[in-house]
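Survey of secondary and tertiary structure
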Amino acid sequence: MSTVRKLPRRSLTAAALGWALVLTAPVLGQSAPPPGAPPPGAFPPPGAPPPGAFPPPGGMPAMPPLPPAPPVGAMPRADAAPGTTSTQPLGSVWGDVARMPDFFSGNWMNMQSFLDKTNDTPLTPAAKTHAAKYKPIEDIPFAGPGCRTAGMPLVQRLGMPIKFFYEPGMIAIYIENSSMTRFIKLGGKHTPEPNPTFLGESIGHFEGDTLVVDSTGFNDEVLLQYTNFPGKGMSPFILPPDSVFGPHGPNLRMVERIRLLDPDTLEIKMTVYDDTVWTRPYVADDRIYRRQRGDNGWPNEWVCGTFDDPLPVGTGWGTGELRAPQPSAD
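A brief look at the structure comes next. (Residues numbered from 1 in each chain as written. Predicted model: local features only at pLDDT ≥ 70, side-chain atom pairs only at ≥ 80, totals over all residues. Heavy atoms only, no water.)

1. Let's talk about the side chain of Asp96
Filter applied, for reference: Each helix is a run of DSSP H or I of at least 4 residues and each strand a run of E of at least 2, with the numbering of both proceeding from the N terminus. Pairs of N or O atoms are called polar contacts if they sit within 3.5 Å, as long as, within protein, a hydrogen donor faces a hydrogen acceptor (for residues adjacent in sequence, only side-chain-to-side-chain pairs).
Looking at the secondary structure, you find Asp96 in the loop between helix H1 (9-28) and strand S1 (107-110). One polar contact links the side chain of Asp96 to the main-chain amide nitrogen of Gly91, over a distance of 2.7 Å.

Structure (structure tokens):
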């Protein structure tokens, strides 16, 4: 038989009193209002506008004008550096590489002849005179003494891959043929008097998914393919003896449009401007490059050796045809 335990009466009374103190503590602890304060419930204080009176007497202070709205597309990008916006040209920050066409994975091999087929761009009188006296050559200048490069545009087409690199403000193209690197300044301007070089001074910008490159400032040793001899230059692979090469004028300019046709196909269109050679802009044959990946997509060093200056076989670059002169038995 269960029993019910009874607490002493004083315990129940103490417990009840404790709860009463807890529940009434805010009221019991309230202090009297300080002298001069409005009595409880008196709101608003004397002198204040009556409830609902807005704005206060005299009106609200004037708000400063809002800044002008940024132009469309000028909102800061998540990948932009502090203080930059999307109005800056593509190629201004590291994060832009994710927004560019993927020129950078692997390398690119030209799939066509490095020379152009015959076209109908008329020559100037001076260029016609040069072409009439021109004698065919067996090879272009890069294979001559000292392995002198042919310069742009031929050096970028010659049988070896090219590879693109990026850093903010610049795209670089390593040209395995001649182990040369071309630097394209993004979003810049040409210098008034660029230092003449084989590759020229290149300024680039993006138009949608196309990299447009404008190059000037070529040295006098860069030769242009003026045209081809009559009846020559129609085969799939055009050889140097088919073509007429000659010097350029002081205002030579090349404009390239570089884009991806698909993830593994690169197209380069080029227009050459030189009013000392042609009577109108010369449109070169479109060039198609295929992407190489893996080991084949890794850039390599290129070393040139000729019969005039052969490489020793022991360097690993010599061949049976290009042998270093051997000391005589005497």
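Next comes the rest of the write-up.
2. Examining the environment of Gly208
Secondary-structure assignment places Gly208 in the loop between strand S5 (201-207) and strand S6 (210-216). Sequence-wise, Gly208 and Arg259 are 51 residues apart; in three dimensions their C-alpha atoms are separated by 9.6 Å.

3. A closer look at the environment of Arg291
Note the following rule: Note on exposure labels: buried denotes an accessible area under 20% of the residue type's maximum, exposed denotes more than 50%, and partly exposed covers the range between, all computed with a 1.4 Å probe on protein chains only. In what follows, residue pairs with any heavy atoms lying within 4.5 Å of each other are defined as contacts.
The topology assignment puts Arg291 in strand S12 (residues 287-292). Classification of Arg291 by relative accessible area gives buried; the value is 10%. Sequence spacing of Arg291 and Gly106 is 185 residues, and the spatial spacing of their C-alpha atoms is 6.4 Å. Contacts of Arg291, omitting those with residues within four sequence positions, involve Asp102, Phe103, Ser105, Asn107, Trp108, Leu260, Pro263 and Asp264. At 2.9 Å, the side chain of Arg291 and the backbone oxygen of Asp102 are in polar contact.

4. Some details on empty space enclosed by the protein
Applicable threshold: For each structure, a 1 Å grid was placed over the protein atoms alone; sets of points admitting a 1.4 Å probe that cannot get out are labelled cavities, open sets with protein on both sides within 12 Å along at least five of seven lines are labelled pockets, and lining residues have an atom within 4 Å of a point. Grid points are joined across faces, edges and corners, and a volume is the space filled by probe spheres set on the points. Each residue gets one of three labels, nonpolar for Ala, Val, Leu, Ile, Met, Phe, Trp, Tyr, Cys and Pro, charged for Asp, Glu, Lys and Arg, and polar for the others, Gly among them.
A complete count under the given rule lists two cavities of 30 Å³ or more for this structure. The volume enclosed by the largest cavity comes to roughly 100 Å³. Considering the residues around the largest cavity, the lining is formed by Asp116, Pro153, Leu154, Arg157, Leu223, Leu224, Gln225, Met270, Val272, Trp278, Tyr282 and Ala284. Within the residue set of the lining of the largest cavity, elements represented by two or more residues are strand S7 (224-228) and strand S10 (265-273). Its residues placed into classes, the lining of the largest cavity shows nine nonpolar, one polar and two charged. Its volume calculated, the second largest cavity comes out at about 70 Å³. If you trace the second largest cavity, you find it lined by Met152, Pro153, Gln156, Arg157, Glu256, Ile268, Met270, Asp285, Arg287 and Tyr289. At the level of elements, S10 and S12 are the ones that each hand at least two residues to the lining of the second largest cavity. Among the residues forming the lining of the second largest cavity, the class breakdown is five nonpolar, one polar and four charged.

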